[in-house]
Amino acid sequence: MAELIDGKQISKNIKLEVKDKVAALNKEGIDVTLAVILVGQDPASCVYVNNKKKACEFTGIKSLSYELPASTTEEELLLLIDKLNKDEKCDGILVQLPLPDGINEDKVIKAISPDKDVDGFHPESVGRLSIGERGFVSCTPAGVIQLLKRSGVNIDGSRAVVIGRSNIVGKPMSMLLLRENATVTVCHSHTKNIKEICKEADILVVAIGKPKMIDDSYVKPGATVIDVGIHRTGEGNKLCGDCDFDSVEKVAGKITPVPGGVGPMTIAMLMENTYEASLLHNGR
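The text that follows walks through the structure, step by step, so that each part is easy to find. All figures in this text were calculated on a predicted structure; none of them were measured in a lab.

What counts and how
- Residues numbered from 1 in each chain as written.
- Predicted model: local features only at pLDDT ≥ 70, side-chain atom pairs only at ≥ 80, totals over all residues.
- Heavy atoms only, no water.
- Helix = DSSP H or I, 4+ residues; strand = E, 2+ residues; numbered from the N terminus.
- Buried < 20%, exposed > 50% of the residue type's maximum accessible area, 1.4 Å probe, protein only.
- Lys, Arg positive; Asp, Glu negative; His and termini not counted.
- Salt bridge = Lys/Arg side-chain N within 4 Å of Asp/Glu carboxyl O.
- Contact = heavy atoms within 4.5 Å.
- Axes fitted to C-alpha atoms, helices over the stretch in contact; angles between N-to-C directions.
- Parallel < 35°, antiparallel > 145°, perpendicular 65-115°, else oblique.
- Left-handed = near helix turned anticlockwise from the far one by under 90°.
- Nonpolar A, V, L, I, M, F, W, Y, C, P; charged D, E, K, R; others polar.

### Concerning the side chain of D119
For D119, the position within the fold is in the loop between helix 4 (105-111) and helix 5 (123-131). For the buried D119, which has no salt bridge, the nearest side chain bearing the opposite charge is K52, at an N-O separation of 5.6 Å. Those residues within four positions of D119 in sequence are excluded, and the remaining contacts are L94, V95, V137, S138 and C139.

Here it is, written out as C-alpha cells:
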C-alpha cells in the first residue's frame, strides 16, 4: 500500500512559515497586502475566495476584498485592476476565475502587473519561468513541487511524466520539474502508447481532468503519483481525482489523496507568492 502524502499538513507548515516571515516584515514596518477580486456569486468561487481570506488572516497578510456584481463590465474591472497596479500598498492582485460571460479572461489576466501577478498566469510570468528568471509560478504546480520535496521524493535525475498540458497546471508543471533536473515527458490526448510511457515514470503527475481515468495499469510499482484532479461523481456527490485511488494505491510508493492532497497546497503557495511580491516591491 502506498504512503499517503499529507497535503493538509504540508500546507499548514508552509502557512506557518509564511506567518513567521510576514511577522518579521511587520516588525520592520512593512505590511504584506493581497487584493482579491470576485465578480458575481459563483458558489465554488465564493468558497475559494473565503478560504483565501482565512489564509490571509492566519498568515498576517492584509486582504483587500472586492466583491463585484455579475453585471460588472469588462471596462470597470480593468479600471479596478489599473488602480490596484498603481497602489503602492497592494503587493499582489488575484482575480478569481471563472469570470462572467462578456468579460475576456485573457485580457483581464494580461492587465495585471507581472510584479503583482501572484497567480502566475500572466504571459510574462510564464516566460520568466521558462528562462529561469525570478517571477511568480502558478500556485498548483508550485505546490506539487513542495509536496514532492517535503515528502522526501528525489526529483533530481528522476523520470517524470505529466499527463495534461493546460496553461495553468500541465505546462508550468513540466517546466518546474525540468528546473529541478528531472527528465520530463508530457502526455496528452494525442499521445500514443500513453500507458507504456506512464509506466516508466518515477514521478507521475496526473492533471487530465477526467474522473478516475488513471488506474494501476499506468503506474510503475513504487512510483510517486500526484493527483491534481478534483471531481464530484456518483451517489452522494463524492469527491474523487483523476486517479482511481483504490487501484493506484496498491501499486504506487507514494500518492496524494483527493481531497487532502494537492488542493490545500494551492492557497498555501498563493500566500508564499504574496510574501515574495512584498519582498520584490521592497527591493529585497
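### Overview of the packing of helix 5 against helix 7 (residues 170-179)
The contact between helix 5 and helix 7 brings their axes to 9 Å, and the two run at 30°. Compared by their axis directions, helix 5 and helix 7 come out roughly parallel. The chirality of how helix 5 crosses helix 7 is left-handed. Taken together, the residues of helix 7 that come into contact with helix 5 (itself represented by V126, L129 and S130) are P172, M175, L176 and R179. Within the contact of helix 5 with helix 7, the residues separate by chemical class into 5 nonpolar, 1 polar and 1 charged.

### Side note on the environment of L4
Inspection of the secondary structure assignment puts L4 in strand 1 (residues 3-4). It is 9.5 Å that separates the C-alpha atoms of L4 and S151, two residues lying 147 residues apart in sequence. The residues contacting L4, other than those within four sequence positions of it, are F245, I255 and P257.

### Some thoughts on the pattern of salt bridges
Enumeration over the complete set of coordinates arrives at 14 salt bridges. When the shortest N-O distance is used, the salt bridge between E74 and K107 registers 3.2 Å. Taken together, the positions of E74 in helix 3 (residues 74-86) and K107 in helix 4 put the pair 33 residues apart, joining distant regions of the chain. Where E124 meets R128, a salt bridge forms, and the shortest distance between an N and an O atom there is 2.9 Å. Here R128 and E124 lie together in helix 5, a separation of 4 residues that amounts to about one turn.

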